[in-house]
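Coordinate inspection notes
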Amino acid sequence: MLAIRIPTRRRRAVALATAAVLAGLSAPVLTTGTATATTAPATTAAYDDAYYEDAAGKSGDALKDALHTIISDQTKISYSAVWEALKATDQDPANSGNVILLYSGVSRSKSLNGGDTGDWNREHVWAKSHGDFGTSTGPGTDLHHLRPSDVQVNSVRGNKDFDNGGSTVANGGGSLTDSDSFEPRDAVKGDVARMIFYMAVRYEGGDGWADLEVNSSVNNGSNPYIGKLAVLKAWNAEDPPDAFEQHRNEVIYASYQHNRNPFIDHPEWVESIW
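For clarity, every value in this text was computed on a predicted model and none was experimentally measured.

**Description of the sheet that holds strand 9 (residues 167-168)**
Strands belonging to one sheet form pairs held by backbone hydrogen bonds; the direction of such a pair is parallel or antiparallel. Pairing is mixed in the open sheet, where four strands are placed in the order 8-11-10-9. Each edge of the open sheet carries a strand with a single partner, namely strand 8 (161-162) and strand 9. Two strands pair when backbone bridges link them, and strand 10 (residues 176-177) and strand 11 (residues 181-183) are joined in this way by two bridges, in the antiparallel orientation. Bridging from a neighbouring strand, Thr-177 pairs with Phe-182 of strand 11.

This is how it looks when you write it as structure tokens:
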């Protein structure tokens, strides 16, 4: 793992805010075969006073620029290390031996990671071909958009953009797809949107990677864009952060990358920037 120095202000924020937020989180309530969080979002006040200090009072492009600077201060991990990280970030709160799969909502054994039918693999929510970053350390290994997914459901999603509509995805937990788009199940639509918005702010083209942007199109192919913007904004509003998503953000921050997805802490910033 490649370590990057974390400024003193951020180190203080890790210690203070980690305790505050974890204390405010309770385990999600699970239904059979799926994970659904029913608790109210925890407060992020501890982060506002430290981690997000430089974003205070800003909006629009100024807010986007400030958040880019803040979240670009991160520890990067290798693609092989992602396997073990996902076993911690996406652990089933009702079964410590399992992870919750993003699109299907199924709880599956951590040991079933791989590429065969019945396994789970590492899904790039911002499809790695959109910007051609592959699995390289950086956007290709950023835990804020990598999630466990059923191998076959992941294959159906492929590198499609996000939009509403389509036919039912087999074993997809209610996800839909058509020839050029994918619609995740309702319980994680906001999660998907906030991961996409994170990537669009984190990777702005100044560190050797493509400038990733959200647009209003599908069929973006290898261009560094993902759509559709209006749909993703609606998903962010309709499905606010739940305890599972907040806890995941905290684990990534405290134990792995030491940066946060600001749109989980402040989903209203989506509307401010876009």
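**Structural notes on the packing of aromatic side chains**
In the structure shown here, the tally under the stated rule is 10 aromatic pairs. Ring plane angle 80 degrees and centroid distance 5.5 Å describe the contact between Tyr-47 and Tyr-253, whose orientation is recorded as edge-to-face. Separated by 206 residues along the polypeptide, Tyr-47 in helix 2 (residues 45-48) and Tyr-253 in helix 8 (residues 243-256) bring together distant segments of the chain. Judged by relative accessible area, which is 1%, Tyr-253 ranks as buried. Plain terms: the ring middles of Tyr-51 and Tyr-253 are 5.3 Å apart, the flat faces sit at 75 degrees to each other, and that makes the pair edge-to-face. Placement of the pair is Tyr-51 in the loop between helix 2 and helix 3 (60-71) and Tyr-253 in helix 8, with a sequence separation of 202 residues. Grouping aromatic residues by their ring pairs yields a cluster made of Tyr-47, Tyr-51, Tyr-52, Tyr-253 and Trp-269. Over the ring of Tyr-79 we find Arg-122; its NZ or CZ atom is 3.7 Å from the centre of that ring. The positively charged end of Arg-260 is found above the aromatic ring belonging to Tyr-47, 3.6 Å away from the centroid.

**A look at unusual backbone geometry**
In the segment running from Gly-227 into Lys-228, the intervening peptide bond is cis, with an omega of 0 degrees. Residue position: Lys-228 is located in the loop between strand 13 (225-226) and helix 7 (229-238). For Asp-132, which is not glycine, the phi dihedral falls at a positive 55 degrees. Structurally, Asp-132 can be placed in the loop between strand 6 (120-124) and strand 7 (146-150).

**What about the sheet that holds strand 3 (residues 91-92)?**
Across the sheet, which stays open at both edges, the three strands sit in the order 3-4-5 with antiparallel pairing between neighbours. At either end of the open sheet lies a strand with only one pairing partner, and these are strand 3 and strand 5 (107-109). Alignment of strand 3 against strand 4 (residues 95-100), held across two bridges, turns out to be antiparallel. From the neighbouring strand, Asp-92 faces strand 4, where its bridge partner is Asn-95.

**Here we look at the pairing of strand 4**
The turn joining strand 3 and strand 4, which pair antiparallel and follow one another in sequence, is formed by two residues. Looking at chain direction, strand 4 and strand 5 are connected through three bridges and run antiparallel. Paired with Val-99 across the strands is Arg-108, a residue of strand 5. From the end of strand 4 to the start of strand 5, which pair antiparallel, there are six residues, and Gly-105 there has a positive phi angle of about 80 degrees.

**As for the nonpolar core**
Counting residues in each nonpolar core, the largest one holds 42 residues, and the members touching the most others are Leu-67, Trp-126, Phe-162, Phe-197, Phe-263 and Trp-274. At the level of elements, helix 3, helix 6 (189-202), helix 7 and helix 10 (269-273) are the ones that each hand at least two residues to this core. Among the elements that line this core, the one with the most residues is helix 6, at nine residues. With 14 residues, the next largest nonpolar core counts Trp-83, Leu-143, Leu-146 and Tyr-256 among its residues.

So, how was this worked out
Residues numbered from 1 in each chain as written. Predicted model: local features only at pLDDT ≥ 70, side-chain atom pairs only at ≥ 80, totals over all residues. Heavy atoms only, no water. Pairing = 2+ DSSP bridges. Helix = DSSP H or I, 4+ residues; strand = E, 2+ residues; numbered from the N terminus. Phe/Tyr/Trp six-rings, centres within 6.5 Å; stacked < 30°, edge-to-face > 60°. Buried < 20%, exposed > 50% of the residue type's maximum accessible area, 1.4 Å probe, protein only. Lys NZ or Arg CZ within 6 Å of the ring centre and 35° of its normal. Core = buried A, V, L, I, M, F, W, Y, C linked by side-chain atoms within 4.5 Å.

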